[in-house]
Amino acid sequence: MPSTHDPEAIGPLAAKLRRLAILKFNLDDDAETFPATKIADACSRLYEEDRISTIRAHGGDVEAATQEIRSQKPLLNRSYVSDLLHGKRDNPTKDVLDYLGRFFGVSPAYFFNEAEATPETKAAADEVEVLNALRALKREKPGSVPLLTAVMRGASDVPQESLVGMLHMQLAAMEQVKERKAPG
C-alpha cells in the first residue's frame, strides 16, 4: 500500500483527502485507515438535503421528492471514497468535489493540483495548512490553541501564508525550548 507521506505514490488528490481526513477525524499523522463510510454517508446526506431544499424552494412536493431521492443511489459510497483516499481513482465529478469540500470545510479548489493553481486554490491550501499547524501546536501545548484561534480570527485581514508562518515560528520556538530543557 502506498505511504501516506509520499503524495507522489498515491497522487495529489488522495494525499489532500488523507490530510483532510486526518485533521477532521483527529487521526494519527501516519494513518492508513480512514473512515470512508462516514465521509461517503455525510457527503451523500448533504447532496440529498440540497436536492430536497431545491425542490422545496420551487414549490414541489417535498415528501414525494424526498422519498424518491432517498431511494436513489447515493452520491458516494464507501468503496468509491476508499478508492479516492488510496489513489485508485483520481478524477471525481464536480459534484463529488463540491460535497467533499463542504464536508471537510474547504473550497473545492483545494483539490486541484498545483499545475492548476489559482489564488483560490492557494487560499484553500493555506487554510488546510493553518489547521494542520494548529493541530501540531495543540499537541505540543494544548492551552495555546484557543488563544491563537481568537487572535487569528481577529487578524482576518492578515494573509493566510503569514498566519501559517507565525504558527510554524511558534512551533519552532517551542521545539527549541524543549531541546534546551532536554538533558543531554
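Anything mentioned here points back to the structure above.
The sections below set out a description of the structure shown in this document. These numbers come from a predicted model, not from an experiment.

1. Quick notes on the environment of Leu 84
Next up, step 1: Assignment of secondary structure puts Leu 84 in helix α5 (residues 78–85).
Next up, step 2: When its relative accessible area of 1% is taken as the criterion, Leu 84 is described as buried.
Next up, step 3: Spatially, the C-alpha atoms of Leu 84 and Ala 36 are 9.4 Å apart, while their sequence positions differ by 48 residues.
Next up, step 4: Beyond its immediate chain neighbours, meaning those up to four positions away, Leu 84 contacts Leu 13, Ala 14, Leu 17, Arg 89, Pro 92, Val 96 and Leu 100.

2. Quick look at the packing of aromatic side chains
Next up, step 1: For the coordinates displayed, the defined rule picks out four aromatic pairs.
Next up, step 2: When the centroid spacing of 6.2 Å and the interplanar angle of 35° are considered together, the rings of Phe 25 and Phe 103 count as tilted. Separated by 78 residues along the polypeptide, Phe 25 in the loop between α2 (12–24) and α3 (36–57) and Phe 103 in helix α6 (residues 94–104) bring together distant segments of the chain.
Next up, step 3: Among the residues examined, Phe 103 registers a relative accessible area of 13% and is labelled buried.
Next up, step 4: Taking 4.9 Å as the distance between ring centres and 70° as the angle between the ring planes, the aromatic pair formed by Phe 103 and Phe 104 counts as edge-to-face.
Next up, step 5: On the basis of relative accessibility, which here comes to 10%, the residue Phe 104 falls in the buried class.
Next up, step 6: Between the NZ or CZ atom of Lys 16 and the centre of the ring of Tyr 110, over which it lies, the distance is 5.4 Å.

3. A few points about the nonpolar core
Next up, step 1: Within the largest apolar cluster, 30 residues are counted, with the highest numbers of intra-cluster contacts made by Leu 17, Ile 39, Leu 76, Leu 100, Phe 104 and Phe 111.
Next up, step 2: With residues up to four places along the chain from it excluded, the contact list for Leu 100 reads Leu 17, Ile 39, Cys 43, Leu 76, Leu 84 and Phe 111.

4. Things to note about the pattern of salt bridges
Next up, step 1: This model, assessed by the stated rule, comprises five salt bridges.
Next up, step 2: Here Arg 18 ties to Glu 32 by a salt bridge, and the two come within 3.5 Å at their closest N and O atoms. Highlighted residues: Arg 18 in helix α2 and Glu 32 in the loop between α2 and α3, separated in sequence by 14 residues.
Next up, step 3: By relative accessible area, Glu 32 is classed as partly exposed at 29%.
Next up, step 4: A salt bridge links Arg 102 to Asp 50; the nearest nitrogen and oxygen atoms lie 2.2 Å apart.

5. Thoughts on the side chain of Thr 66
Next up, step 1: As for its position among the elements, Thr 66 is in helix α4 (residues 62–71).
Next up, step 2: For Thr 66, a relative accessible area of 16% gives the class buried.

6. Considerations on α3
Next up, step 1: End to end, α3 covers 32 Å across 22 residues, agreeing with the expected 32 Å (1.5 Å per residue, within 8%).
Next up, step 2: Taken together, the buried positions of α3 are Ala 36, Ile 39, Ala 40, Ala 42, Cys 43, Ser 44, Leu 46, Glu 48 and Ile 52.
Next up, step 3: On its buried face, α3 is in contact with α2, α4, α5 and α6.
Next up, step 4: With its phi angle positive at about 75°, Gly 59 sits one or two positions after the end of α3.

Calculation notes
In this numbering scheme, every chain counts its residues from 1 along its sequence in written order. pLDDT decides what is reported in this predicted model: residues at 70 or higher carry local features, side-chain atom pairs at 80 or more are listed and counted, and totals for whole chains, interfaces and linings draw on all residues regardless. Remark: hydrogens and water are excluded; side-chain values derive from all non-hydrogen atoms of the structure. Put simply, DSSP H or I for four residues or longer makes a helix, DSSP E for two residues or longer makes a strand, and each gets a number counted from the N terminus. Burial classes follow relative accessibility: with a 1.4 Å probe on protein chains only, a residue under 20% of its type's maximum area counts as buried, one over 50% as exposed, and anything between as partly exposed. Should any heavy atoms of two residues lie within 4.5 Å, those residues are counted as being in contact. Aromatic contacts are taken between Phe, Tyr and Trp rings whose centres are within 6.5 Å, Trp giving its six-membered ring; a plane angle under 30 degrees counts as stacked, one over 60 as edge-to-face, and the others as tilted. Whether a charge lies above a ring is judged from NZ of Lys or CZ of Arg, which has to be within 6 Å of the ring centre and within 35 degrees of the ring normal. Among buried residues, those of type Ala, Val, Leu, Ile, Met, Phe, Trp, Tyr and Cys that are joined through side-chain atoms within 4.5 Å constitute a nonpolar core. Salt bridge, as used here, is a side-chain nitrogen of Lys or Arg placed within 4 Å of a carboxyl oxygen of Asp or Glu. Expected helix span is computed as 1.5 Å times (number of residues minus one).

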